[in-house]
Amino acid sequence: MMVQMVVRAPAKVNLLLLVGPPRPDGYHELFSVMAPIGLCDELELDLAAQPEAASPTQSDGVRVTCAGVAAGENIVRRALGVLEVASRWRFSGSVTIRKRIPIAAGLGGGSSDAACVLAAAARLLATAGAPTLTQEMLRELALELGSDVPFFLAAGAALVRGRGEIVEPFDLPALHLCLLLPREELPTRAVYATYDETAGRETATEFAERGRVAEDAWRRVEAASRLGELGVAGVANAVAALMENDLELPAFRMVPDLAARRAALLAVGAKAALMSGSGPTVFGVFPSDEAAKAAAEKLADVGFAAVVASVPGAEALEGRSRFDGRNGP
Ligand code: C5P
């Protein structure tokens, strides 16, 4: 049994990222509003699967190519590896990744690639007659690969909690963004370490309360946008008023230039500008696609790597899921 297809793995932005105190396992409790955007990696999959008994070696059979990432370190290879162990089947063939999402940029590119391959390979196993892997099992494998991977298994925006494994679909209106892609990579682990050194201590209870207040405010935006109460400009204003990222302070300390990039977005008309995830990508929210494009042109003229990308509105993603193979914006 084989699968041959080209799939698009979207990047994400965090419109909200609240970080709680460190947990005993070293991770931090999160509360985040995450949204897939139209900036995508492209993956060409050519995979075959057979039972372990017929092919004893682990996924060396799959050739993973991705410019800029050593083959052995690719998270896509790890995704195939954990699925092989869980299913006791083996994959062969190739995965070619055409990177459009910058690496270690706070946009979740590697996590999205991994989720995309995990879902496609699981579907291949199902059609090849392997014992069924439940969605719950797939989500566990996803978390093993990284905290952002479970988000990418589902399509669409979500409220994300826990370490990243609690993913609740969330209706967002369409949003028009301009992203300033970074010149440097910022390792997530290092940003969290700086956060721990610099942030004031908050108890788990205080963090839960902060999350609850934020959730109420985002739910009001969700309800108003569902009822069509906001209008196009109102959407950008309402979302902009709630955007916040606890990792900005530590990341701005590590890359002081980020503050200037955020200011540049505000200077060309962004309703709000924020760093995504652990950075260093910063993005602005604009009232329309035209406004985002005009801003990107101005910023590109003065040397920024500015790209336009939108968050598709909830209605554009109706009924989609990674599990049925219709992923991505
Ligand atoms: O899960 P992932 O491998 O993406 O996490 C990378 C690093 O980010 C972790 O080693 C940890 O330092 C930090 N992290 C965290 N809390 C989270 C997610 C990530 O502290 N919820």
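Everything that follows concerns the structure shown earlier in this document.
Fair warning: this is a prediction, and the values are worked out from it, not measured in the lab.

Considerations on the site of the ligand
Gly26, Tyr27, His28, Leu30, Gly146, Ser147, Arg163, Thr188, Arg189 and Tyr192 make up every residue found near the ligand. Between the ligand and Ser147, the relevant distance is 2.5 Å, taken from an oxygen atom to a side-chain nitrogen or oxygen of the residue. Contacts to the ligand include Arg163, whose backbone N or O atom sits 3.2 Å from a nitrogen atom. Considering the ligand on its own, with 450 Å² of exposed area, one finds that the protein chains cover 79% of that surface. A molecule is said to occupy a pocket when more than half its atoms come within 2 Å of that pocket's grid points, and by this definition the ligand occupies the largest pocket. Elements supplying a minimum of two residues to the shell around the ligand: strand S2 (28-51) and helix H5 (188-198). By residue number, the principal contributor to the shell around the ligand is H5, which donates three residues.

A look at the sheet that holds strand S10 (residues 282-286)
Overall, antiparallel pairing links the four strands, which are arranged S9-S10-S7-S11 in an open sheet. What marks the edges here is a single partner per strand, and that holds for strand S9 (272-275) and strand S11 (306-311). On average, each strand axis in the sheet is tilted by 30° relative to the strand beside it, whichever way the strands run.

Topic: the pairing of strand S3 (residues 62-66)
A one-sided burial pattern is seen for S3, the buried positions being Val62, Val64 and Cys66 and the unburied ones Arg63 and Thr65. Here S3 pairs with strand S4 (residues 89-98) via five bridges, running parallel. Bridged to Val62 within S4 is Gly93.

What to know about helix H3 (residues 135-145)
All of the buried residues along H3 are Leu138, Leu141, Ala142, Leu143 and Leu145. On the buried face of H3, the contacting elements are helix H1 (75-87), helix H2 (109-128) and helix H4 (149-153).

Focus: the pattern of salt bridges
Enumeration over the complete set of coordinates arrives at 26 salt bridges. Residues Glu168 and Arg161 are paired through a salt bridge, measuring 3.0 Å at the closest nitrogen-oxygen approach. A single salt-bridge network, built from bridges that share partners, covers Arg161, Glu168, Asp171, Glu215, Arg219, Glu222 and Arg226.

Some remarks on the packing of aromatic side chains
Each aromatic ring pair is specified by the distance between its two centres and by the angle formed by the two planes. Taken as a whole, this structure holds one aromatic pair when the rule is applied. With a centroid separation of 4.9 Å and an interplanar angle of 70°, the aromatic rings of Phe151 and Phe152 are classed as edge-to-face. A cation over a ring is seen here: Arg163 above Tyr27, with NZ or CZ 3.9 Å from the ring centre.

Quick look at helix H9 (residues 257-267)
Turning to H9, its buried residues are Leu258, Arg261, Ala264 and Leu265. Angularly, the buried residues of H9 cover 115° about the axis, an arc narrow enough to put them on a single face. Packing partners of the buried residues in H9 comprise strand S7 (175-180), helix H8 (248-254), S9, S10 and helix H10 (289-301). Immediately beyond the C-terminal end of H9, within one or two residues, lies Gly269, with a positive phi of roughly 105°.

About the thresholds
Residues numbered from 1 in each chain as written. Predicted model: local features only at pLDDT ≥ 70, side-chain atom pairs only at ≥ 80, totals over all residues. Heavy atoms only, no water. Near = heavy atom within 4 Å. Polar contact = N/O pair within 3.5 Å; in protein donor to acceptor, adjacent residues only side chain to side chain. Areas by Shrake-Rupley, 256 points an atom, 1.4 Å probe, with all protein chains shown as cover. 1 Å grid on protein atoms, 1.4 Å probe; cavity = no way out; pocket = protein on both sides within 12 Å on 5 of 7 lines; lining within 4 Å. Sits in = over half its atoms within 2 Å of the grid points. Helix = DSSP H or I, 4+ residues; strand = E, 2+ residues; numbered from the N terminus. Pairing = 2+ DSSP bridges. Axes fitted to C-alpha atoms, helices over the stretch in contact; angles between N-to-C directions. Buried < 20%, exposed > 50% of the residue type's maximum accessible area, 1.4 Å probe, protein only. Contact = heavy atoms within 4.5 Å. Salt bridge = Lys/Arg side-chain N within 4 Å of Asp/Glu carboxyl O. Phe/Tyr/Trp six-rings, centres within 6.5 Å; stacked < 30°, edge-to-face > 60°. Lys NZ or Arg CZ within 6 Å of the ring centre and 35° of its normal. Arc of directions from axis to C-beta.

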